[in-house]
There are 2 protein chains.
Amino acid sequence: MGGDFGPSVMVPGITAALVSLAARPVRFLVHGDETAIEAELRKSPTTRAVCDVRHTSLKIAGDEKPAVAVRRGKGTSLWNAVQAVKDGEAQAAVSGGNTGALMGIARLLLRMTGGLERPALVASWPTTRGVTAVLDVGANIECDAAQLVEFAIMGEAFYRAVHGSAGSRPTVGLLNVGSEDQKGHEDVREANQLLRDIDLDLDYRGFVEGNDIAKGSVDVVVTDGFTGNVALKTGEGLARFFAQEIRTTFSSSILARLGALLAMGALQQMRLRLEPPGGGPFLGLNGIVVKSHGGADATGVADAIRIAYELCASDYAAEAARNMERFSAALQSVKAAMETSQ
Amino acid sequence: MGGDFGPSVMVPGITAALVSLAARPVRFLVHGDETAIEAELRKSPTTRAVCDVRHTSLKIAGDEKPAVAVRRGKGTSLWNAVQAVKDGEAQAAVSGGNTGALMGIARLLLRMTGGLERPALVASWPTTRGVTAVLDVGANIECDAAQLVEFAIMGEAFYRAVHGSAGSRPTVGLLNVGSEDQKGHEDVREANQLLRDIDLDLDYRGFVEGNDIAKGSVDVVVTDGFTGNVALKTGEGLARFFAQEIRTTFSSSILARLGALLAMGALQQMRLRLEPPGGGPFLGLNGIVVKSHGGADATGVADAIRIAYELCASDYAAEAARNMERFSAALQSVKAAMETSQ
């Protein structure tokens, strides 16, 4: 029922995901209003065949206050999707609904792993060199230094499991307005100090700037949820703007139209390569929960489903658990250091 | 002497600016090491003819702490450029040097206009609908609600004077992670309340998100310097990434190469339209000071010079003064409201 368009986009999203997942085995529990969902499912027998509909008439509105939504959330489609993960009925939950409510309910039902405080939302950006993971992109609006250090730990484990290649260690950078140590506000300077001083077994490269995201200077870019959300959405807006400019450019003259016809194959490839991420997982939970963008179309929803599938298929959970164990002692010492320094 | 490359880029920047300003009358006072500057000027007699070199061997390093740089800055090339504006010898100063030092020295020598506290750095982004002005993009790392309100006032005056058209009022938005009133941290929520409650005679449209920048949903986007700097640099990185992807795409096959040849004119036009801003002015000062990006090439420096020229040619100063007068009482009431609420 989530996202700006509910079942009319979420169900076609499943159909699109089946195409991109090809013959790989997957089944869906579809939570929400049975009538609305079945109406959509009737359009695709292939999709119908892999879906079980779990009816509920309760739902959470996109603009509902997260705290209120979590309190009254039991039995809503969003809640039921996360509950299915908790009960072991589903391996992952994908939702296009209220981000704050999804985070709150996921945290309540699944609990945080290791000694972590709060989940972080991670986005995987296409870059010159492959993919950069940016976190947090909106789950934690205000973050202190200890949280930024946690994001570095979670982001590194995520990258290693999902985007990493055997034998290579992900590199980690902290987003700031300059690369010199005295730049930025107190929280980023303190997090920088902690990441340098405490032995976390991370390949930490210090401060990076906004342009390093697309450059792929590091594999994991750590930032607070306010800045990360603005950066992600700014990038999405620009990607859409560029796509539109390309369309305008290639229909501006007969010569340009001819050029576009000739280059169509290559242009199509480029469009796919530049597609901004359709969603991203919450990290740090005991379970896989992927947020699909509220405004996403079927392709975006399919992308979020694909990310959930890859997380299940990868050894992300085991990798994250191993990392958390390895980092747990260090994390405690970070917190102790934070308390002493205050 | 500023920027990552000193005279070897700043002087070619003047040459490029002369081309883009065409026959419009302009003269340059070039501050810095005479030998290095003259060596560059010898390469272009046209540029030589419009430049007076003002020798100084002192300069401020890019990574020097701003507070230190301001204290010991007298006689450096950066200081002398701003001093020339103060003395009425120059109508505008353009620098590629240390942003914090430039801001501090400009504030010390030129002083703030009206009742404003601190200058803001503004960037003019190309968008679907024209240009969006974003401020602050790096001068003020931490901003309270009152400062955000000041940015709204300054940005609106800037837009009206430089990008505005007669009879239309610039629209103003406040950058946040969502459009609902309860979204974001305390400072943006408080600034939103102030901008709604106090009669500033601004066409204030409430919260906007990152994707609204490229969409051009509002003319002026207000944010703190940390977020604005990250958003600007993220956008620049993406613009460079897209340009590179287009080059790769159009050399990926013979058909694509042919297509590129046919569409070359249109592609060239697009490249120019998407060029990120080469610099931006500090607003709120009694005088025009434009920061050219440290990493800018000659085209970027030329762009910063063009912005300075346009600010001089427009009635920006008069417009800002008129606005400030109009807003002065309101500004005082904002501050009073802030103090009462604390």
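Residues numbered from 1 in each chain as written. Chains lettered and ligands numbered in written order. Predicted model: local features only at pLDDT ≥ 70, side-chain atom pairs only at ≥ 80, totals over all residues. Heavy atoms only, no water.

**Here we look at the pattern of salt bridges**
Line of reasoning, step 1. For the coordinates displayed, the defined rule picks out 24 salt bridges over all chains.
Line of reasoning, step 2. Measuring nitrogen to oxygen at the nearest pair gives 2.7 Å for the salt bridge that ties A:Arg160 to A:Glu156. Of this pair, A:Arg160 and A:Glu156 both sit in helix H7 (residues 145-162), 4 residues apart, which is roughly one turn of the helix.
Line of reasoning, step 3. The class of A:Arg160 is partly exposed, set by a relative accessible area of 24%.
Line of reasoning, step 4. With relative accessibility at 0%, the residue A:Glu156 sits in the buried group.
Line of reasoning, step 5. For the salt bridge of B:Arg48 with B:Glu38, the shortest nitrogen-to-oxygen distance reads 3.0 Å. In this pair, B:Arg48 sits in helix H3 (residues 45-49) while B:Glu38 sits in helix H2 (residues 34-41), placing the two residues 10 residues apart along the sequence.
Line of reasoning, step 6. Taking relative accessible area as the criterion, B:Glu38 reaches 18% and is therefore assigned buried.
Line of reasoning, step 7. Overlapping salt bridges, with partners in common, bring together A:Asp303, A:Arg306 and A:Glu310 in one network. (Salt bridge = Lys/Arg side-chain N within 4 Å of Asp/Glu carboxyl O. Helix = DSSP H or I, 4+ residues; strand = E, 2+ residues; numbered from the N terminus. Buried < 20%, exposed > 50% of the residue type's maximum accessible area, 1.4 Å probe, protein only.)

**What about the sheet that holds strand S6 (residues 171-175) of chain A?**
Residue and element names in this part refer to chain A.
Line of reasoning, step 1. If you walk across this open sheet you meet the 8 strands as S3-S10-S9-S4-S5-S8-S6-S7, and the pairing is mixed. Two strands close off the open sheet at either side, each with one partner strand: strand S3 (92-95) and strand S7 (203-208). Each strand of the sheet is rotated relative to its neighbour by a mean of 30 degrees, with strand direction disregarded.
Line of reasoning, step 2. Pairing analysis gives 4 bridges linking S3 to strand S10 (residues 288-292), with the strands arranged parallel. Bridge assignment links Val94 to a residue of S10, and that residue is Val290.
Line of reasoning, step 3. Set on the sheet, helix H5 (residues 77-86) makes contact with S3 and S10; between it and S3 the angle comes to about 165 degrees.
Line of reasoning, step 4. Relative to S7, helix H8 (residues 186-197) is tilted by about 160 degrees, and along the sheet it contacts S6 and S7. (Pairing = 2+ DSSP bridges. Axes fitted to C-alpha atoms, helices over the stretch in contact; angles between N-to-C directions. Contact = heavy atoms within 4.5 Å.)

**Comments concerning the confidence of the model for chain A**
Line of reasoning, step 1. Considering every residue of chain A, the mean pLDDT works out to 87; 93% of them sit at 70 or more.
Line of reasoning, step 2. With pTM at 0.86, the complex prediction returns an ipTM value of 0.84. (pLDDT = per-residue confidence, 0-100.)

**Side note on helix H1 (residues 7-20) of chain A**
Since the α-helix turns once every 3.6 residues, residues separated by three or four places project in the same direction.
Line of reasoning, step 1. Helix length check: H1(A), at 14 residues, gives a terminal C-alpha distance of 19 Å against a target of 20 Å (1.5 Å per residue), a fit within 8%.
Line of reasoning, step 2. Elements in contact with the buried residues of H1(A): strand S1 (28-32), helix H2 (34-41), helix H3 (45-49), strand S2 (51-55), S3 and helix H12 (298-313) of chain A. (Expected span 1.5 Å × (residues − 1).)

**With respect to unusual backbone geometry**
Line of reasoning, step 1. Here the residue pair A:Leu135 and A:Asp136 is connected by a cis peptide bond, since its omega of 0 degrees sits within 30 degrees of zero.
Line of reasoning, step 2. Within the element layout of this structure, A:Asp136 appears in the loop between strand S5 (130-135) and H7.
Line of reasoning, step 3. At B:Arg111, a position not held by glycine, the phi torsion is positive, near 65 degrees.
Line of reasoning, step 4. For B:Arg111, the location among the structural elements is in the loop between helix H6 (99-110) and strand S4 (120-127).

**As for the interface of chain A and chain B**
The figure often quoted for interface size is the accessible area lost as the parts come together.
Line of reasoning, step 1. Contact residues are listed per partner, giving 55 residues for chain A and 55 residues for chain B.
Line of reasoning, step 2. A combined buried area of about 4,800 Å² lies between chain A and chain B, and 74% of that area is made up of carbon and sulfur atoms.
Line of reasoning, step 3. Area buried by chain A at its contact with chain B is led by A:Phe226, A:Phe242 and A:Leu262, which between them contribute 13% of it.
Line of reasoning, step 4. Put simply, chain A and chain B have 2 salt bridges between them.
Line of reasoning, step 5. One can count 6 residue pairs in polar contact (both at pLDDT 80 or more) joining chain A with chain B.
Line of reasoning, step 6. Elements supplying a minimum of two residues to the side of chain A that touches chain B: strand S4 (120-127), helix H9 (211-215), helix H10 (225-249) and helix H11 (254-274) of chain A.
Line of reasoning, step 7. Counting residues per element, the side of chain A that touches chain B draws most heavily on H10(A), which supplies 19 residues.
Line of reasoning, step 8. Across the side of chain A that touches chain B, the residue classes tally to 26 nonpolar, 18 polar and 11 charged. (Buried area = accessible area lost by both parts, 1.4 Å probe. Polar contact = N/O pair within 3.5 Å; in protein donor to acceptor, adjacent residues only side chain to side chain. Nonpolar A, V, L, I, M, F, W, Y, C, P; charged D, E, K, R; others polar.)

**Quick look at the packing of aromatic side chains**
Line of reasoning, step 1. In total, this model carries 3 aromatic pairs over all chains according to the counting rule given.
Line of reasoning, step 2. Chaining the aromatic ring pairs together yields one cluster made of A:Phe241, A:Phe242, B:Phe241 and B:Phe242. (Phe/Tyr/Trp six-rings, centres within 6.5 Å; stacked < 30°, edge-to-face > 60°.)

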